[in-house]
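# Analysis of the macromolecular model
Here is how the chains run, residue by residue.
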Amino acid sequence: MSAAAIPSETAHDHTHDHAHDHHEPAFLWKYIFSTDHKVIGAQYAITGLIFLLLGFFLMLLMRWSIAYPGMPVPAIETIREIPYIKDLFEAMFGRWLNPDGSLNGEIYNMLGAMHGTIMVFFGIVPLGFAGFVNFVMPLQIGTIDMAFPKLNMMSYWFFFISCVLMLWSFFVGTGPVQTGWTMYSPLASTTGIGVTSVWSHGHTWWLTAMVFNISASLLGSVNVIATVINLRAKGMSWMRMPFFCWAMFVTGFLLLLAFPPLEVAAILQLSDRVFGSSFYLPTGLMEGGKHLDISGGGSPLLYQHLFWFLAHPEVYVLILPAFAILTDVIPCNARRPLWGYKSMVYAVLTLGFLSFLVWAHHMYLTGMGTMMSTYFQITTVIISIPSVILLTCLMITLWGGSIRFNTQMLFASAFLPMFGIGGLTGLPLAFAFIDLALHDTYYVIGHFHYVVAPGTIFALFAGVYHWFPKLTGRYMNDKLGKLHFWPSLVGMNLVFAPMFIQGMAGFHRRWYDGGKYFENTSGMTNWSTTLTHKIGEFFGLNIPDNMLSLNIVMSVGAFVLALGQVPFIINFWLSIKGGKKAEGDNPWNATTLEWATPTPPPHGNFLFDINAHRGPYEYSVPGHPADFYPQWESEPGKPVPPSKAEAHAHH
């Protein structure tokens, strides 16, 4: 019998019996094909973390090619001698490298396309949305599972299939796609058009993987929306719901409404590739001086509209889980209520609505009329207002708090200025006349990476450190956590800050040699290049005093960032079994309902009838003996509900 099928009034007895009399399911059903929201959350999170690591590795290869064009990849000889690893490396990357082991434009394009795809669709969304929403949200609203547990399991396995297909595209004949993570037609549909077998083409596998990935997101988002609307505990009114659940609720709607257009776009592009249709292929395309044998009559712009209609809401799908996590981490570690809870709720609802009205600001170069571009400029500037409200509320929450700077708080507080930089640098891009110059330069890359890397990913790390004791019953090591934080912060800024300078100088995002052959652009100097040159001289290095020197700075930053992730990986895997045990069920003295469950939460989650008596952020309440007043505590002088006493008697 599905635990979620029990009506909430009678939930107590059954869940209680579930927790005690439930026969232990076999390993396969408990950890692999599980319908329990906590296990599915962990599966999503761990898969997401693994893919973030893979996407990061692709980025390191790209940065090497940009900083040291024509130089063999470091340690390539060693890699080519290790048994098993050498075959894997050869099949995935090695066969595309130049004979001397350096990168060329072809593999650079593959790495670029796959880095973007993997980081966004296979890293941040599964970890930030699917992982955290599955584990935390049902606990926070006081329910026993998601509304549709089997659908939830199906969602993860659809996602898993898409991961396998996407990885497989590295091994097929033409290698992975080379046409950017946006996969614009007609380029994407005509690249390698001479390849007769559809299955040996990376593009086919990319599209098929994306169809599965999107289906997984749709199943997950329907589930989240249904759960938040229907399964809240007694007393959990909309305005008593933690902001975490609000943000995830809005994210669910964004996925539900924005992903279908991309799924359609992918299926139509697959049809162009496999069945010879021409949805996106205009008449008269030529390649190598010959007309292509296609039916023609399609519209390349249609694909861009479908893609960006997903991909702008998508960037809010990337950032809202970050804000969601911070509204738990910051009030808890500043010991202050969340400032402006209601305005944050209205801001996040506004943000969700507006995110569907701005997509064509990615398309100013497509020659839309001034009327249309004016409309999109206005909506883009307006959408920055709710983002600023969210950020400001989090900043004011810190005011006057007695802040505990544990690892998750360091990540959370670093998020605020980093996201601020990302947001402010985006404002100029809202205006078509500036975007015409900066489009496709490193300025754009610097802008959105400041939002998603030291922004979202920092918040995700904060969430991992914060909920790890609830998931495993053990803390992650704080010293290793700080060793993870500082190199990450320094590395991120070294990688992304110089991009703004290079972008304004006119560096293009697709130069695999980092601009070496564009002397007029890369030969410019300014204070940052002179500073880099001087620092290089101090260490006895010959770094040129021009824009190319910033490529070396960024690659050093990427290396520092890579070193910074080593403590996290060690910390994460060792703490699962060997971390310091958490004292009690509420180690951080937090107020939201997930800390009322046993640790780790059993099948069925709660041991007593859960009731939300007050709002989610009651920290430092005047006149209250402790400095926190959890949602589940009944007020003094009122009788304890019988089920609670009964639950204690059981123990």
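Please refer to the structure higher up on the page.
In this report, the structure presented in the accompanying data block is examined. Keep in mind that this is a model prediction, so the values were computed, not measured. (Residues numbered from 1 in each chain as written. Predicted model: local features only at pLDDT ≥ 70, side-chain atom pairs only at ≥ 80, totals over all residues. Heavy atoms only, no water.)

## Focus on the overall build of the chain
Selection criterion: Helix and strand labels come from DSSP, where a helix needs a run of H or I of at least four residues and a strand needs a run of E of at least two; each type is numbered from the N terminus. Atoms counted for the radius of gyration: C-alpha only. Globule rule: 2.2 Å times residue count to the power 0.38. For the exposure calls, accessible area comes from a 1.4 Å probe over protein chains only, and a residue counts as buried if that area is under 20% of its type's maximum, exposed if over 50%, partly exposed in between. By definition in these notes, contact holds between two residues if any of their heavy atoms fall within 4.5 Å. Using a 1.4 Å probe, accessible areas were evaluated by the Shrake-Rupley method; residue-level cover was limited to the displayed protein chains.
A tally of regular secondary structure across the chain gives 21 helices and two strands. Rg of the C-alpha trace for the chain: 26 Å, near the compact-globule value of 26 Å for 651 residues, within the 12% margin. Each principal axis of the C-alpha atoms in the chain carries an extent, and together these give about 85 × 60 × 60 Å. Sorting the 651 residues of the chain into buried and exposed places 58% on the buried side. Long-range pairs, those at least 24 residues apart, make up 79% of the contacts in the chain with a sequence separation of at least 6. Working note: accessible area of the chain is about 26600 Å², and carbon and sulfur atoms make up 70% of it.

## A few points about the pattern of salt bridges
To keep things clear, this is the line we draw: The salt bridge criterion pairs a side-chain nitrogen of Lys or Arg with a carboxyl oxygen of Asp or Glu, the two atoms within 4 Å.
If you walk through the whole model with that rule in mind, you get six salt bridges. Between Glu90 and Arg80 there is a salt bridge whose closest N-O contact spans 3.3 Å. Residue Glu90 is found in helix α5 (residues 85-92), and its partner Arg80 is found in the loop between α4 (76-79) and α5; the two are separated by ten residues along the sequence. Exposure remark for Glu90: the relative accessible area of 32% places this residue in the partly exposed category. Exposure remark for Arg80: the relative accessible area of 25% places this residue in the partly exposed category. We note a salt bridge from Lys482 to Asp478, for which the minimum N-O separation is 2.5 Å. With a gap of four residues between them, Lys482 and Asp478 both fall in helix α17 (residues 478-505), about one helical turn apart. Relative accessible area serves as the criterion here: at 28%, Lys482 is assigned to the partly exposed category.

## Observations concerning empty space enclosed by the protein
We apply this condition: A cavity here means a set of 1 Å grid points, computed over protein atoms only, where a 1.4 Å probe fits but cannot escape. A pocket is an open set with protein on both sides within 12 Å along at least 5 of 7 lines, and lining residues have an atom within 4 Å of a point. Grid points are joined across faces, edges and corners, and a volume is the space filled by probe spheres set on the points.
The final tally for this structure, using the stated rule, is three cavities of 30 Å³ or more. If you add up the space inside the largest cavity, you get close to 140 Å³. Along the wall of the largest cavity there are 18 residues; nearest its centre are Tyr44, Phe129, Ala130, Ala216 and Ser217. Elements that contribute at least two residues to the lining of the largest cavity include exactly α6 (105-140), α7 (149-168) and α9 (202-230).

## Regarding the nonpolar core
What counts here: Buried residues of nine kinds, namely Ala, Val, Leu, Ile, Met, Phe, Trp, Tyr and Cys, make up a nonpolar core once their side-chain atoms join them within 4.5 Å.
Grouped together as the largest cluster of nonpolar side chains are 195 residues, with contacts concentrated most on Phe132, Phe243, Phe244 and Phe415. Broken down by element, the residue count for this core peaks at 22 residues, all from α6.

## Concerning the environment of Pro149
On the secondary structure map, Pro149 appears in helix α7. Note on Pro149: relative accessible area 11%, which makes it buried. Taking the C-alpha atoms as reference points, Pro149 and Leu301, 152 residues apart in sequence, are found 40 Å from one another.

## Observations concerning helix α11 (residues 300-334)
Here is the rule we go by: Every helix has an expected span of 1.5 Å times one less than the residues it contains. What is called the bend at a residue is the angle between a pair of axes, fitted to the seven residues leading up to and ending at it and to the seven starting from it.
The end-to-end C-alpha separation of α11 is 51 Å, in line with the 51 Å expected for 35 residues at 1.5 Å each. At Leu326, α11 shows its maximal bend, which comes to roughly 25°. Just downstream of α11, Arg335 is the residue with a positive phi angle, here 55°.

## Quick notes on the environment of Ser549
In this structure, Ser549 sits in helix α20 (residues 548-578). When its relative accessible area of 0% is taken as the criterion, Ser549 is described as buried. With 13 residues separating them along the chain, Ser549 and Gly536 place their C-alpha atoms 9.4 Å apart. Setting aside residues no more than four positions away along its own chain, Ser549 makes contact with Thr529, Thr532, Ile543 and Pro544.

## Observations regarding the packing of α6 against helix α16 (residues 442-472)
Defined as follows: Think of each axis as a best-fit line through the C-alpha atoms, taken over the contacting stretch in the case of a helix, with angles from 0 to 180 degrees between the N-to-C directions. In a left-handed crossing the near helix is turned counterclockwise from the far helix by less than a right angle, and in a right-handed crossing that turn is clockwise. Three classes are used, and their members are as follows: Ala, Val, Leu, Ile, Met, Phe, Trp, Tyr, Cys and Pro are nonpolar, Asp, Glu, Lys and Arg are charged, and the others, Gly among them, are polar.
Contact geometry of α6 with α16 gives a least axis separation of 11 Å together with a crossing angle of 35°. Where α6 crosses over α16, the handedness of that crossing is left-handed. Residues Tyr108, His115, Ile124, Leu127, Gly128, Phe132, Phe135, Val136 and Gln140 of α6 touch α16, and the partners they reach there are Tyr442, His449, Val452, Thr456, Ile457, Leu460, Gly463, Val464, Trp467, Lys470 and Leu471. Class assignment of the residues belonging to the contact of α6 with α16 gives a composition of 13 nonpolar, six polar and one charged.

## Quick notes on the packing of aromatic side chains
As a reminder of what qualifies: Only Phe, Tyr and Trp rings are paired, with Trp represented by its six-membered ring, and only when their centres lie within 6.5 Å; those with planes under 30 degrees apart are stacked, over 60 edge-to-face, the remainder tilted. Counting as a charge over the ring demands two things of the Lys NZ or Arg CZ atom: a distance within 6 Å of the ring centre and an angle within 35 degrees of the ring normal.
Within this structure, the stated rule accounts for 60 aromatic pairs. Ring geometry for Phe121 versus Phe259: centroids 6.2 Å apart, planes at 40°, classification tilted. One end of the pair, Phe121, is in helix α6; the other, Phe259, is in helix α10 (residues 243-274), and 138 residues separate them in sequence. When its relative accessible area of 1% is taken as the criterion, Phe121 is described as buried. The positively charged end of Arg232 is found above the aromatic ring belonging to Trp238, 4.1 Å away from the centroid. Note that Arg614 overlies the ring of Tyr629, its terminal NZ or CZ placed 3.7 Å from the centroid.

## Description of helix α13 (residues 370-398)
The terminal C-alpha atoms of α13, which comprises 29 residues, lie 43 Å apart, in line with the 42 Å expected from a rise of 1.5 Å per residue. Immediately beyond the C-terminal end of α13, within one or two residues, lies Gly400, with a positive phi of roughly 75°.

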